[in-house]
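Residues per chain are reported as follows:
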Amino acid sequence: MTVNRNHVEENIQNKLSRFFSVSIEEADANQIYKATVLTVRDILAQKRKLFNAKTREQGNKKVYYMCMEFLMGTSLRTNLNNLGIEAVYREVLKNYGFDLDSIYEMESDPGLGNGGLGRLAACFMDSLSTLSYPARGYSILYEYGLFKQKLAEGEQIELPDIWMPGGDAWLVPRQDKACVVRFGGNVTEKWDNGRCEIIHDNYEEVEAIPYDMLVSGADSEAITTLRLWKAQDIRNFNMELFSQGQYIKAVEDNTMAQTISKVLYPNDNHPEGKLLRLSQQYFLVSASLQNIIQDHIAVFKNLNTLPEKVAIHINDTHPALCIPELMRILMDMHNYSWDEAWEMVVKTVSYTNHTVMPEALECWNEGLFRLKLPRLYMIIREINERFCADAWNHFPGNWDKVGRMSIINHGQIRMANLSVVGSHKINGVSALHSDILKTNTFKDFNDMYPERFLNVTNGIAHRRWLCYSNPRLASLLDETIGSGYRTDAKQLSNFLKYQDDKSVLNALADIKHANKVDFSNYMKRIAGVDIDPDSIFDVQVKRIHEYKRQLLNAIHIISVYCALKENPDLDIKPVTYMFGGKAAPGYYMAKDIIRLICYISADIQKNPRIKEKLNVLFLENYNVSLAEKLIPTADVSEQISLAGKEASGTGNMKFMINGAVTIGTLDGANVEMCEEVGKDNIFIFGHTAEEVDELWKKGYASSYYYNRNESLKKAIDYLQTGFNGRSFSDIANYLLFSYGIADPYMCLADFDFYQDAHRELVTAYEDKEAWNKKSLINIAKAGKFAADRSIDDYARDIWKLKKQLD
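Here the structure is a predicted model, which means the values were calculated and not measured. (Residues numbered from 1 in each chain as written. Predicted model: local features only at pLDDT ≥ 70, side-chain atom pairs only at ≥ 80, totals over all residues. Heavy atoms only, no water.)

## Points about the pairing of strand 11 (residues 310–315)
Here is the key point about a regular strand: its side chains alternate between the two faces of the sheet. Using the following cut-off: Only protein chains enter the area calculation, which uses a 1.4 Å probe; residues under 20% of their type maximum are buried, those over 50% are exposed, and those in between are partly exposed. Numbering of helices and strands starts at the N terminus; helices are DSSP runs of H or I of at least 4 residues and strands are runs of E of at least 2. Any two strands with at least two DSSP bridges between them are considered paired.
Taking burial as the measure, the 6 residues of strand 11 include 6 buried ones, the bulk of the element. The alternating pattern of strand 11 places V310, I312 and I314 on one face and A311, H313 and N315 on the opposite face, and all of these are buried. Relative to strand 11, strand 1 (residues 62–66) runs parallel, the two sharing 5 bridges. Opposite Y65, over in strand 11, you have H313 as the bridge partner.

This is the structure:
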């Protein structure tokens, strides 16, 4: 599709006239932003129409990717670059006095995701379009995101994440695709001539209204649709009650229905929250499956070809209810037998596991589930009975094994077990993680279904995270190795030819410093904080969780702080430690870790001599837009989870491709990153996953490590003294004297190794040429970790998908 200056100018003029009744000369920046978005949306819609027509014509198989969150980030810059029309738009807007970069800043991050799970899903949408695979994503149109994080004297305050004004300009309403989802009620069976009719009555109905977000690919004719469901009551408004003066009651049902799509991940530490989360998950899968079935029948006339033409992928266990829901649709609505329906479901569905943490493997109370989803409860019971019978035949006499594999056990419905039983393929997201799934988490299932398990290592949208977020580095790559890496990340390896080229190494250093200066100026402008761009930027940004060990980082910082208090003239390289991430509202230990970091920072600000060499910042409300500014500045990437706990990570890959050098454990994708760059270009420390297991078996005692390292002992003791007038004795007790397990994520056991790795890292940084070479090697070896490679792996090994032919 050809887009020239006259075409762009005319389209923007038309949008301004139609929606705002102003000319381009009269328009303000907000009107220009929305008009620009609408013109780009039209281009995407036209491309989607053509691509979908070709898909139908060729009868290609299509993947439907279900996930509770998609952390998309802003869309305008990415779409303009992917479509190859940014320069035209920049010229047109400049001609009328508007700066495109300023227009970019007006866009809000969509509140559709939280962390790595949602960011991965967003990266996959980009790659599916770029690689021309027929695909559609499904999620919920949350009115509010997780929350907007505000920090007040170290306390995390959760404010509403109001993203719709501005962000909704990308959404295309599809009222024609609305459907109805039923909750609760009574279910009875009626048999007639050997056929079972299911009667469902006294249920509540919620209408699911889809809104489409169109996702472009780079240098591709394909468009991937992310379909987002909004909930509203089927009746919407009770006129009779309103006429009687019962105004609140008249809209009460609609308000309750809308709660389903109100907030991402509502707090579930109470029964109402659990019920809402369950309702959200069923709402997503039921509406999506109805849509998939409707579309399939429209093209292929019946459902017999479903497994050959449809791949349904559940990203983590949140959409696992699609397994019993698809059974319900096939049996109750389309008259397939149990055996026919089950065969179709298993052949169609696949599952990605994202965690080995037991508390993150979802379970639902059996009574609550039966109350909210009575028909699905009946189906899951039948699935479980049939599966347990098969498992018993595989492992006769082994009650314990069958019990561990059972979907329903001790009044709990185990969604991970359901996902494994109902999927033809189950993958982990790094080589280490997939191995742990087969040898530990799902060992029993692997014994029964070894052909189902495989690995697909995560990847990132390298165009967003390198080409568009770090244009200086992208320009250097274009000059040295050409632009082919933009659509084929493997070509980044050609950059290795320049690892001994001093001019290129110096250019890399200049780019990093310029990015650091830009970020320091940005933080001064928005937050009033001073950052020394000549210091080492050491960054740990991710969800705040004990296993990710922000606490280990903080303890090391305290040890440096104590050394500087004793001797302010200590000869050390200045380091700025930056943290970012949100703690779940009910996760009090994570909030305490945020509080500790903020208080360390406040204490340092009062000590100018210490601040010259040690600075600590907690970046408020970390999101995709902030990440795009921060990641290109990092010298050091902290990936320090306890070995065996992190499934993969994707932040580690974003830092790597931007030239940061990783300090990390042999956990998640760090293992494969180390294999790619070599041990000389990454700082690996700590116990391995096997050593961690062995340590637990022997009986882990954190006090042993506390007593053998004087620097560690001083840091832990200083927690009692505290920072900025506040003691953190509770964290010291957590590490040493917990009534459960002291130091459950082994911060103290790994401290020695971590401290040594930091010393080695700072020494290495002093040799700028050698450091820049490490940075270059990391960039050159990052091609493996592109989402394009991940999607090709999924398409080939799991979905059996072919690219759309031109």
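## Side note on the nonpolar core
Threshold: Nonpolar cores were defined as sets of buried Ala, Val, Leu, Ile, Met, Phe, Trp, Tyr and Cys residues, with membership established by side-chain atoms within 4.5 Å. A contact between two residues is defined here by any heavy atoms of the two lying within 4.5 Å.
Ranked by internal contacts, the top residues of the largest apolar core, which has 175 residues, are F283, F369, F495, F519 and W799. Sort the elements by how many residues they give to this core and helix 10 (residues 271–300) lands first, with 10 residues. Look past the residues within four positions of F283 in its chain and what remains in contact with it is I140, V181, F183, V206, E207, A208, W229, K230, A231 and I260. Residues M357, M589, Y599 and A732 belong to the second largest nonpolar core, which totals 70 residues.

## Focus: the pattern of salt bridges
For clarity, the cut-off: Salt bridges are defined by distance alone: a side-chain nitrogen of Lys or Arg within 4 Å of a carboxyl oxygen of Asp or Glu.
This structure, assessed with the given rule, holds 51 salt bridges. Measuring nitrogen to oxygen at the nearest pair gives 2.8 Å for the salt bridge that ties E143 to K262. Note that E143 is positioned in the loop between strand 2 (135–140) and strand 3 (148–152) and K262 in the loop between helix 9 (247–258) and helix 10, a separation of 119 residues in sequence. Residue classification places E143 among the partly exposed residues on the basis of a relative accessible area of 31%. According to the relative accessible area criterion, K262 is partly exposed, its value standing at 25%. A single salt-bridge network, built from bridges that share partners, covers R48, R174, D176, D212 and R227.

## Topic: the sheet that holds strand 15 (residues 412–414)
Read across the open sheet, the 3 strands follow the order 13-15-14; overall the sheet is antiparallel. Either end of the sheet is taken by a strand with one partner, and the two such strands are strand 13 (363–365) and strand 14 (408–409). In the sheet, strand 13 pairs with strand 15 via 3 bridges, with the strands oriented antiparallel. Across the sheet, the residue bridging to C363 is R414, located in strand 15.

## Some words on the environment of S702
Secondary-structure assignment places S702 in helix 30 (residues 702–708). A relative accessible area of 3% means that S702 is categorised as buried. It is 36 Å that separates the C-alpha atoms of S702 and D447, two residues lying 255 residues apart in sequence. Every residue in contact with S702, bar those within four places of it in the chain, is listed here: L735, L736, A742, D743 and L748.

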